[in-house]
Amino acid sequence: MTTLDGLWNAPPADMAVSNDEVHVWRASLDLAESEVQRLAQTLSADERTRSERFYFERDRQRFIAGRGILRSILGYYLQIEPSEIRFTYNTHGKPSIANITEASGLNFNISHSHELALYALTRGRGIGIDIERLRSNLSFERIAKRFFPPAEFEKLRSLPPEEFVEGFFNFWTCKEAYIKAIGKGLSIPLNQFAVTVHANKTVKIQNSKTNHCEESRWSFYTLRPAPGYVGALTVEGKKLRIKYWMWSE
């Protein structure tokens, strides 16, 4: 596992991602009302309908911002208007670009927590990303005992108290990024595979049912997108170059 703690850069005018690159974008979802309204104009009819289902206005605006920013970012790469992008979803809900000709193998994944979102893009590779805000108001041991294999649960319990919360979310985001990368979501129970983080920060993903080891297929990265947040990125392949950008209004 590689840790990405560097600066998030302003993007260049012309965006392109090569076959051996992964681009990670960070964006705030708490935008000015005028910017939310502008982004809302780029959404599809079904996305606008989904936005109306949120009970709280803040959640509705963050959803609009998240989808609008996704379209804005993809528009950079595809050189088309954000409103022209069409999405399709697999049986587990993972989105992809339906405009096959324009997409040219561009794959992406998104995640958000509270006011912050991460977007990951690559070409011709499976990819998954996850972000979580650190918080202490959860029943961590109960959740870990239910969703983590015994080895992970015991590893978590062995951590010093001051490292426990961050340790929990490191496990959680790594597992979430992995199941998103393979495109099957929670149809793969989180307790059916174990994440092992070695002293040298390498990671092993072990399927407890097949005993199949996945670390040779995937690259794993930890993310520190902002104070109080942790995340993880899983990408198919090795020896990849990571670039990360900051989206702004």
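Below you will find a few notes about this structure.

## Comments concerning the packing of helix H1 (residues 33-40) against helix H3 (residues 57-78)
Axis separation between H1 and H3 bottoms out at 9 Å; the angle between their running directions is 55 degrees. By the criterion of interaxial angle, the relationship of H1 to H3 is oblique. Like other packed secondary-structure pairs, H1 and H3 cross with a definite hand, here left-handed. Residues Glu33, Val36, Leu39 and Ala40 of H1 pack against Gln61, Ile64, Ala65, Gly68 and Ile69 of H3. Counted by class, the contact of H1 with H3 contains 6 nonpolar, 2 polar and 1 charged residues.

## Examining the sheet that holds strand S6 (residues 116-123)
Either a parallel or an antiparallel arrangement is found when strands of a sheet pair, and the pairing is made through backbone hydrogen bonds. Spatial ordering of the open sheet is given by S5-S6-S2-S12, a layout of 4 strands whose pairing is mixed. Strands at the two margins of the open sheet, each flanked by one partner only, are strand S5 (106-113) and strand S12 (241-246). Within this sheet the neighbouring strands show an average axis-to-axis angle of 20 degrees, counted without direction. By the bridge criterion, 6 bridges tie strand S2 (residues 21-28) to S12 in an arrangement that is parallel. Bridge pairing in S12 links Glu21 to Arg241. Seen against the sheet, H3 touches S2, S5, S6 and S12 and runs at an angle of roughly 30 degrees to S6.

## Here's the deal with the pairing of S6
S6 sits mainly inside the fold: 8 of its 8 residues count as buried. Residue alternation in S6 divides its side chains into two sets, Leu116, Leu118, Ala120 and Thr122 and Ala117, Tyr119, Leu121 and Arg123, and both sets are buried. Direction of pairing for S2 relative to S6: antiparallel, over a ladder of 6 bridges. Bridged to His23 within S6 is Leu121. Sheet topology places S5 next to S6; 8 bridges connect them, and they run antiparallel. Across the sheet, residue Ser111 finds its bridge partner in S6, namely Leu118. Counting the residues between successive antiparallel strands, the hairpin from S5 to S6 contains 2 residues, one of them, His114, with a positive phi of roughly 55 degrees.

## Looking at the side chain of Arg60
Note that Arg60 resides in helix H3. In this structure, Arg60 is in contact with Ser51, Glu52 and Phe54, ignoring residues within four places of it in sequence.

## As for the nonpolar core
Of all hydrophobic cores here, the largest spans 29 residues; its most connected members are Trp25, Ile69, Leu74, Tyr77 and Tyr119. In terms of residues, this core owes the most to one element, H3, which gives 8 residues.

## Brief notes about helix H7 (residues 161-181)
At 3.6 residues per turn, the α-helix brings residues three or four places apart onto the same side. With 21 residues, H7 extends 31 Å from end C-alpha to end C-alpha; this agrees with the ideal 30 Å at 1.5 Å per step. For H7, the buried fraction is high: 15 of the 21 residues fall into the buried class. Gly183 lies just past H7 and shows a positive phi near 80 degrees.

## Let's talk about unusual backbone geometry
One non-glycine residue, Gln79, adopts positive backbone phi at about 60 degrees. Residue class for Gln79 comes out exposed when judged on its relative accessible area of 60%. Positive phi, close to 55 degrees, is recorded for Lys239, a residue that is not glycine. Tracing the backbone through its elements, the reader meets Lys239 in the loop between strand S11 (229-236) and S12.

## Here we look at the pattern of salt bridges
In the structure shown here, the tally under the stated rule is 14 salt bridges. As a salt-bridge pair, Glu21 and Lys243 come within 3.0 Å of each other at their nearest N and O atoms. Taken together, the residues span a long stretch of sequence, with Glu21 in strand S2 and Lys243 in strand S12 at a distance of 222 residues. For Glu21, a relative accessible area of 4% gives the class buried. Look at Lys243 and you get partly exposed, because its relative accessible area is 33%.

Cut-offs and rules
Residues numbered from 1 in each chain as written. Predicted model: local features only at pLDDT ≥ 70, side-chain atom pairs only at ≥ 80, totals over all residues. Heavy atoms only, no water. Axes fitted to C-alpha atoms, helices over the stretch in contact; angles between N-to-C directions. Helix = DSSP H or I, 4+ residues; strand = E, 2+ residues; numbered from the N terminus. Parallel < 35°, antiparallel > 145°, perpendicular 65-115°, else oblique. Left-handed = near helix turned anticlockwise from the far one by under 90°. Contact = heavy atoms within 4.5 Å. Nonpolar A, V, L, I, M, F, W, Y, C, P; charged D, E, K, R; others polar. Pairing = 2+ DSSP bridges. Buried < 20%, exposed > 50% of the residue type's maximum accessible area, 1.4 Å probe, protein only. Core = buried A, V, L, I, M, F, W, Y, C linked by side-chain atoms within 4.5 Å. Expected span 1.5 Å × (residues − 1). Salt bridge = Lys/Arg side-chain N within 4 Å of Asp/Glu carboxyl O.

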